Amino acid sequence: MDILRITGGSRLHGEISISGAKNAALPILCAGLLTADTVTLTNVPELNDIATTLKLLGQMGVRCTRETDGTVHITANDVSTLEAPYELVKTMRASILVLGPLLARFGQARVSLPGGCAIGQRPVDQHIHGLAALGADISIEHGFVVARAQRLKGAVIRTDMVTVTGTENLLMAAVLAEGQTILENAAREPEVVDLAELLIKMGAQIQGHGTDRIVIEGVKSLHGATHRVIPDRIEAGSFLCAVGAAGGDITLRKVAPDTMGATLSKLQEAGLTLTCGPDWIRASMTQRPKPVDFRTHEYPGFATDMQAQLMALNALADGTSVIAETIFENRYMHVQELLRLGARIDIDGHTAVVRGVTKLSGATVMATDLRASASLVIAGLAAEGQTIVERIYHLDRGYERMEHKLRQLGANIERISSKDLS
Ligand code: EPU
């Protein structure tokens, strides 16, 4: 297992490009199952979760080719297996995103139930209820969701809570259903909008994406299309937290500031000076961070995927902040590790109270999930001395060459491969 070795204290300066959004690319790759034609995607990030998705599609008989520039071609004209096995689903919950498209196009699917997760229970009951409302016959057999339907039929579906991949699964199912489907309480995340934009290019009839009421008129079939994946707003936000913690002046290119919801205003509250153009953000930080209270919320509220990173900034702030995590019940795994770096944080239920310290001190810490890893890297950049981040396979699931980009900004960070460690 690789580790990251960070020597804190370097201010960040320079420019980097933001990669395509992981959480947009994952459903979009699965949407390739909805047609026999080729779907061509550009700006697909090179990440472990993307490799897992391509492997999953490949096992089904989908032809997937990846070019070095981030272009991926998906052709699902000879699908042989309508199944997502446990071995892949357990490593990546987003594999559930094949359920809607398989059922809609082929009338059946067998997808392993994801099982446990580090950040919360994360059931998929809303995906299942929604597909049942579209007329699917669904059962749980031997750990698999087994779904069948002749042709799905449009329905009005109101999910109990806002669910991002739930909305995406139901959207991909409804585009090929007979008649009209209305998704109420739908997720408004930019990644849902990006998926809808691709589906429209493929011939789907969708209105209202980006609002909480999406209206879909089912069509008989979809065709091929070409689509560029939106920039990763969480990666962008993570680099902004990094400059917030380490200080300096950086510019992010190939980014979409208008998709970043509450992240930018919270970072300004923390003391960053931000200037934005249509596809760039310049951020400078010349002071100790100010404490920022926040609650995680569905888009356009403050993203749960940014909670750990902004907490790292708060750990260094000049004062106390209160954080409420409202989306996942166990998303404070990074706190115990931040404490090892000298942070002062108390957890009570879903609330964290962070008392800012003047200095963090480097230590060996362990990444527990993707965003927790990013938070530890950010803290390490600001900490005195050396920080070792272990288990960075979590980081590799969702950040494209993070240490390269940080080095480009002047950070003292290196990956040490497991073979050099032994
Ligand atoms: N929920 C249910 N039942 C369901 C679906 C969701 O109870 O059937 C609950 C969840 O347990 C959670 C809440 O609803 O408490 C919201 O979960 P949601 O379904 O929106 O999460 P997700 O779709 O599984 C996506 C992202 C996550 C991100 C969340 C919230 C992808 C592939 N994943 O997950 O990203 O945190 O939305 O914005 O899009 C990450 O990138 O690090 C990550 C975890």
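As shown above, the structure is provided for reference.
Here's what I pulled together on the structure shown here. What you see is a predicted model, and the numbers here were worked out from it, not measured in a lab.

Re helix H1 (residues 22-31)
Burial of H1 is extensive: nine of the ten residues sit out of reach of the surface. When we look at burial in H1, the residues that qualify are Lys 22, Ala 24, Ala 25, Leu 26, Pro 27, Ile 28, Leu 29, Cys 30 and Ala 31.

Considerations on the layout of surface pockets
If you add up the space inside the second largest pocket, you get close to 270 Å³. What lines the second largest pocket is a set of 19 residues, among which Asn 43, Val 44, Asp 69, Gly 70 and Glu 400 lie closest to the centre. Class assignment for the residues of the lining of the second largest pocket results in three nonpolar, eight polar and eight charged.

Topic: the site of the ligand
Not every one of the 21 residues close to the ligand is listed here, only the nearest: Gln 126, Thr 163, Thr 165, Asp 305 and Ile 327. Side-chain polar atom of Asp 305 to an oxygen atom of the ligand: 2.6 Å apart, as the coordinates give it. Between the ligand and Ile 327, the relevant distance is 2.6 Å, taken from an oxygen atom to a main-chain nitrogen or oxygen of the residue. Here the ligand loses 87% of its free accessible area of 820 Å² to cover by the protein chains. At the level of secondary structure, the elements contributing two or more residues to the shell around the ligand comprise H1, helix H5 (125-133), helix H6 (164-174) and helix H12 (370-382). Per-element accounting of the shell around the ligand gives the leading share, three residues, to H5.

Some thoughts on unusual backbone geometry
That bond from Tyr 299 to Pro 300 is cis: its omega, 10°, falls within 30 degrees of zero. Secondary-structure assignment places Pro 300 in the loop between strand S18 (294-295) and helix H10 (307-315). The phi dihedral of Arg 122 is positive, around 50°, even though this residue is not glycine. Position of Arg 122 relative to the elements: it lies in the loop between strand S7 (108-112) and H5. Residues other than glycine seldom take positive phi values, yet His 142 does so here, at roughly 50°.

Topic: the packing of helix H11 (residues 333-340) against H12
Each pair of packed helices can be summarised by the angle the axes make with each other and by the distance between the axes. Packing of H11 against H12 brings their axes to within 9 Å, and their N-to-C directions diverge by 20°. The angle between the axes of H11 and H12 places the two elements in the roughly parallel class. Considering the relative orientation of H11 and H12, their crossing is right-handed. Mapping the contact onto sequence places His 334, Glu 337 and Leu 338 in H11 and Ala 372, Ser 375, Leu 376 and Ala 379 in H12. Tallied by class, the residues present in the contact of H11 with H12 amount to four nonpolar, two polar and one charged.

Some remarks on the sheet that holds strand S11 (residues 180-184)
Strand order in this open sheet of four strands is S10-S11-S13-S12, and the pairing throughout is mixed. Of all the strands in the sheet, the pair left with one neighbour each is strand S10 (156-158) and strand S12 (205-207). Adjacent strand axes in the sheet meet at a mean angle of 15° when their direction is disregarded. Taken together, the five bridges between S11 and strand S13 (residues 213-217) define a ladder with antiparallel strand orientation.

Overview of the pairing of strand S3 (residues 38-42)
Bridging between S3 and strand S5 (residues 72-75) involves four bridges; their strand directions are antiparallel. Paired with Thr 38 across the two strands is Thr 75, which belongs to S5. Sheet analysis places S3 next to strand S14 (residues 225-228), joined by four bridges and oriented parallel. From the neighbouring strand, Thr 40 faces S14, where its bridge partner is Thr 226.

Details of the environment of Gly 410
Mapped onto the secondary structure, Gly 410 falls in the loop between helix H14 (402-408) and strand S24 (412-416). Given the relative accessible area of 40%, Gly 410 is considered partly exposed. Spatially, the C-alpha atom of Gly 410 lies 28 Å from that of Ala 262, the residues being 148 residues apart in sequence. Residue contacts for Gly 410: discarding those within four places in its chain leaves Ser 10, Arg 11 and His 13.

Re the sheet that holds S3
One open sheet accounts for four strands, arranged S4-S5-S3-S14; its pairing is mixed. For this open sheet the edge positions go to strand S4 (63-66) and S14, each flanked by a neighbour on one side alone. On average, each strand axis in the sheet is tilted by 15° relative to the strand beside it, whichever way the strands run. Of the strands in this sheet, S4 and S5 touch helix H2 (residues 48-59), which is tilted by about 150° from S4.

Digging into the packing of aromatic side chains
Taken as a whole, this structure holds one aromatic pair when the rule is applied. With a centroid separation of 4.5 Å and an interplanar angle of 50°, the aromatic rings of Phe 294 and Phe 302 are classed as tilted. Neither residue differs from the other here; Phe 294 and Phe 302 are each classed as buried. Arg 110 extends its terminal NZ or CZ atom over the ring of Phe 144, reaching a point 3.9 Å from the ring centre.

Some points on the pattern of salt bridges
Tallied over the full model, the rule gives 19 salt bridges. The partner of Lys 405 in a salt bridge is Glu 235, with the nearest N and O atoms 2.6 Å apart. With a gap of 170 residues between them, Lys 405 in helix H14 and Glu 235 in helix H8 (residues 233-246) connect regions that are remote in the sequence. What makes Lys 405 buried here is its relative accessible area of 9%. Residue classification places Glu 235 among the buried positions, given a relative accessible area of 2%. Note that Lys 359 is salt-bridged to Glu 384, the shortest N-O span being 3.4 Å. Highlighted residues: Lys 359 in the loop between strand S21 (351-355) and strand S22 (364-366) and Glu 384 in the loop between H12 and strand S23 (386-390), separated in sequence by 25 residues. Its relative accessible area of 52% is what places Lys 359 among the exposed residues.

Cut-offs applied
Residues numbered from 1 in each chain as written. Predicted model: local features only at pLDDT ≥ 70, side-chain atom pairs only at ≥ 80, totals over all residues. Heavy atoms only, no water. Buried < 20%, exposed > 50% of the residue type's maximum accessible area, 1.4 Å probe, protein only. Helix = DSSP H or I, 4+ residues; strand = E, 2+ residues; numbered from the N terminus. 1 Å grid on protein atoms, 1.4 Å probe; cavity = no way out; pocket = protein on both sides within 12 Å on 5 of 7 lines; lining within 4 Å. Points joined across faces, edges and corners; volume = space filled by probe spheres on them. Nonpolar A, V, L, I, M, F, W, Y, C, P; charged D, E, K, R; others polar. Near = heavy atom within 4 Å. Polar contact = N/O pair within 3.5 Å; in protein donor to acceptor, adjacent residues only side chain to side chain. Areas by Shrake-Rupley, 256 points an atom, 1.4 Å probe, with all protein chains shown as cover. Axes fitted to C-alpha atoms, helices over the stretch in contact; angles between N-to-C directions. Parallel < 35°, antiparallel > 145°, perpendicular 65-115°, else oblique. Left-handed = near helix turned anticlockwise from the far one by under 90°. Contact = heavy atoms within 4.5 Å. Pairing = 2+ DSSP bridges. Phe/Tyr/Trp six-rings, centres within 6.5 Å; stacked < 30°, edge-to-face > 60°. Lys NZ or Arg CZ within 6 Å of the ring centre and 35° of its normal. Salt bridge = Lys/Arg side-chain N within 4 Å of Asp/Glu carboxyl O.

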